[in-house]
Structure formats: structure tokens, C-alpha cells
Amino acid sequence: MPSNPKKHRHNSSRKLSNEKQVIGLDTFESELEKHFFSNIQIRDYSTSESEVSLIVEIECNLDLIEVLEHFNKEMWGNFSSKKASFSAALHKLQQANDLQIDIEELTLFLNDTSIIISKIYNQSISQQLENMFTALSKHCVYFTKGMTEIPYEIYISVFENDVVMNEKISINISKAENLAAQSYFSFWGLYFYSETDASIFDLKNQTIIDGKLQMLNR
């Protein structure tokens, strides 16, 4: 567990910086802390009259390889539980509120790297999070250069230059799934201490490539 757990909680409604109330946010945080062995910070990103977009920051006192080992043994993240998974916890939070609630960005801060995941369609992070960690585990030996160098930042995902994406446009489920396959599981952005510029990891070919791709929110 992290060395500085939160000392005090109120299991009630919380006001974000824009004064909108989100009921049960502390309970949502507590559930995530338990399942991810982490400290959780939640911030509001943007709001409308009917929607709150959240930024979730997970601070976990483990290395990347340790997290992936625990994930593969189903000891981290609680993804196997349909009643208490990340997606289920978010659904429970949604049910307690009249506002539409979604995750705009999720960042996992580990001892040796940070993993930054951006929303690409409604509920994309909660729906695809387990698949992302499966992909991280599958491709780890390749994006770490044969386990010789851990990138200090991993961005999931990046888009090719000719892909036009308007985050404000609603898309149907089939298009969302295609976009996820194209984006979350095609190219990741990597930053290494040994490199001046960002590198791109091509998941299909399991190789680090040169070339300019546009990162989400960059």
C-alpha cells in the first residue's frame, strides 16, 4: 500500500470545483483504492448542465512488472468481479446521481512509470481498461526494449495524423468498438529517459517505430 493513505473521508456527496455535487464519490474512491492497492485522487475535468467528466489519478506503490504480475494472477484491479469492478463501481456512482458521469482521463502513477489513458468515446475507459492491461502484459517485453528500459510515461492511445476525431460527437457502439481497436490497441506513445523525443509503439508489429503521431489532448 502507498505510504500516505488518506486520513479522513466523508461517505456523502462532494462538491467539485464547479460546485456540482457528485453523490457517493468518496465511496467510489474507497472501492478503487481497495481494488488497486492505491491512493486515489479524483478531479473534475469539464462539466455541463447534465454531465460531469472526471480525471482519476491512481497512485500505486508498485513497479510496472509487479502490477502486471498481480493483474495476471487476478490479484490487482478486481476485474474478474462483475459486482465490484472499476466498471461496476462507476455504474454504481452513475446510479446515485442524475448527472451523466464519465472518466475523461485515467492516470496510473507507478514507481517507475506513469500510464495515461484518455477517453475516446462514452465509457471507453471503464469498458476497455481490463483489455488495456491485458495488452500491456502481452507487449511488455517489446515496449521495454527486451526488458532493458521501462518508459517513464506510456500514453494510451495515440492517433495517426490522418485520423480526425471530434470528442464532442456521439458515436454508436459499433463505431466506438472500431475506434477502440484502432486507437487503444494500435499505437501507444512512449517516453524514455534515453530518448529526447517521444517514441511510438506499434502493437500490431510489436515494435518501436519512428514517425509523428498525434497524442490525445496533446
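To be clear, the structure that these remarks concern was listed above.
The shown structure was predicted, so the numbers you read here are calculated from the model rather than taken from an experiment.

Colleague: Mind laying out the pairing of strand β10 (residues 199-202), listing which residues take part and the relevant values?
Modeller: Along β10, one buried face is formed by Ser199 and Phe201 and the opposite face, lined by Ile200 and Asp202, is buried too. Bridging between strand β9 (residues 187-191) and β10 involves 4 bridges; their strand directions are antiparallel. Paired with glycine 189 across the strands is isoleucine 200, a residue of β10. Where β10 lies against strand β11 (residues 207-209), 3 bridges are found, and the strand directions are antiparallel. Residue pairing for β11: isoleucine 200 is matched across the bridge by isoleucine 209. Connecting the antiparallel pair β10 and β11 is a turn made up of 4 residues, with glutamine 206 showing a positive phi of about 50°.

Colleague: For the packing of helix α2 (residues 64-72) against helix α4 (residues 124-143), give the residues involved together with the corresponding values.
Modeller: Orientation of α2 relative to α4, taken along the N-to-C sense of each, is 130°, at an axis distance of 10 Å. It follows that α2 is oblique to α4 by the angle criterion. The chirality of how α2 crosses α4 is left-handed. On the side of α2, the interface is formed by Leu64, Ile65, Val67, Leu68, Phe71 and Asn72, while α4 contributes Glu130, Phe133, Thr134, Leu136, Ser137, Cys140 and Phe143.

Colleague: How would you explain the nonpolar core if you had to name every residue and give the values?
Modeller: Nonpolar side chains in soluble globular proteins tend to be buried together. By size, the foremost hydrophobic cluster in this structure holds 49 residues, and its most contacted members are Trp76 and Phe133. Not counting residues within four places of it along the chain, the set of residues in contact with tryptophan 76 comprises His35, Phe36, Phe37, Cys60, Leu62, Val67, His70, Phe71, Leu108 and Phe133.

Colleague: Can you lay out the pattern of salt bridges for me, pointing to particular residues and giving the numbers?
Modeller: Scanning all chains against the criterion turns up 6 salt bridges. Ionic pairing is found between glutamate 31 and lysine 92, a salt bridge with its closest N-O pair at 3.1 Å. Placement of the pair is glutamate 31 in helix α1 (residues 25-36) and lysine 92 in helix α3 (residues 86-95), with a sequence separation of 61 residues. A residue is classified by how much of its surface remains accessible, and glutamate 31, at 13% relative accessible area, is buried. In this structure, the salt-bridge partner of arginine 43 is glutamate 57, at a minimum N-O distance of 2.9 Å. Separated by 14 residues along the polypeptide, arginine 43 in strand β3 (residues 38-47) and glutamate 57 in strand β4 (residues 51-60) bring together distant segments of the chain. When salt bridges that share partners are traced, they join Glu51, Asp102 and Lys119 into one network.

Colleague: An account of the packing of aromatic side chains is needed here, citing residue identities and associated values.
Modeller: One pass over the full model with this rule turns up 15 aromatic pairs. Judged by centre distance (5.8 Å) and plane angle (40°), the ring pair of phenylalanine 71 and phenylalanine 133 falls under tilted. Here the residue phenylalanine 71 occupies a position in helix α2, and phenylalanine 133 occupies one in helix α4, the gap between them amounting to 62 residues. For phenylalanine 71, a relative accessible area of 9% translates into the label buried. Ring centres 6.1 Å apart and planes at 40° place the aromatic pair phenylalanine 79 and phenylalanine 133 in the tilted group. Residue phenylalanine 79 is located in the loop between α2 and α3, and its partner phenylalanine 133 is located in helix α4; the two are separated by 54 residues in the primary sequence. Just as phenylalanine 79 is buried, phenylalanine 133 falls in that class too. Clustering of aromatic rings is evident, with ring pairs tying together Phe28, Phe36, Phe71, Trp76, Phe79, Phe86 and Phe133.

Colleague: Would you mind going over the environment of phenylalanine 187 in detail, with residue names and values included?
Modeller: Relative to the helices and strands, phenylalanine 187 is located in strand β9. Residue class for phenylalanine 187 comes out buried when judged on its relative accessible area of 15%. C-alpha of phenylalanine 187 to C-alpha of isoleucine 208: the two residues are 21 residues apart in sequence and 9.5 Å apart in space.

Colleague: Please provide a residue-by-residue account of the pairing of β9, values included.
Modeller: The element β9 is extensively covered by neighbouring structure, given that 4 of its 5 residues are classed as buried. Alignment of strand β7 (residues 153-156) against β9, held across 3 bridges, turns out to be antiparallel. By the bridge assignment, isoleucine 154 is partnered in β9 with leucine 190.

Parameters and conventions
Residues numbered from 1 in each chain as written. Predicted model: local features only at pLDDT ≥ 70, side-chain atom pairs only at ≥ 80, totals over all residues. Heavy atoms only, no water. Buried < 20%, exposed > 50% of the residue type's maximum accessible area, 1.4 Å probe, protein only. Helix = DSSP H or I, 4+ residues; strand = E, 2+ residues; numbered from the N terminus. Pairing = 2+ DSSP bridges. Axes fitted to C-alpha atoms, helices over the stretch in contact; angles between N-to-C directions. Parallel < 35°, antiparallel > 145°, perpendicular 65-115°, else oblique. Left-handed = near helix turned anticlockwise from the far one by under 90°. Contact = heavy atoms within 4.5 Å. Core = buried A, V, L, I, M, F, W, Y, C linked by side-chain atoms within 4.5 Å. Salt bridge = Lys/Arg side-chain N within 4 Å of Asp/Glu carboxyl O. Phe/Tyr/Trp six-rings, centres within 6.5 Å; stacked < 30°, edge-to-face > 60°.

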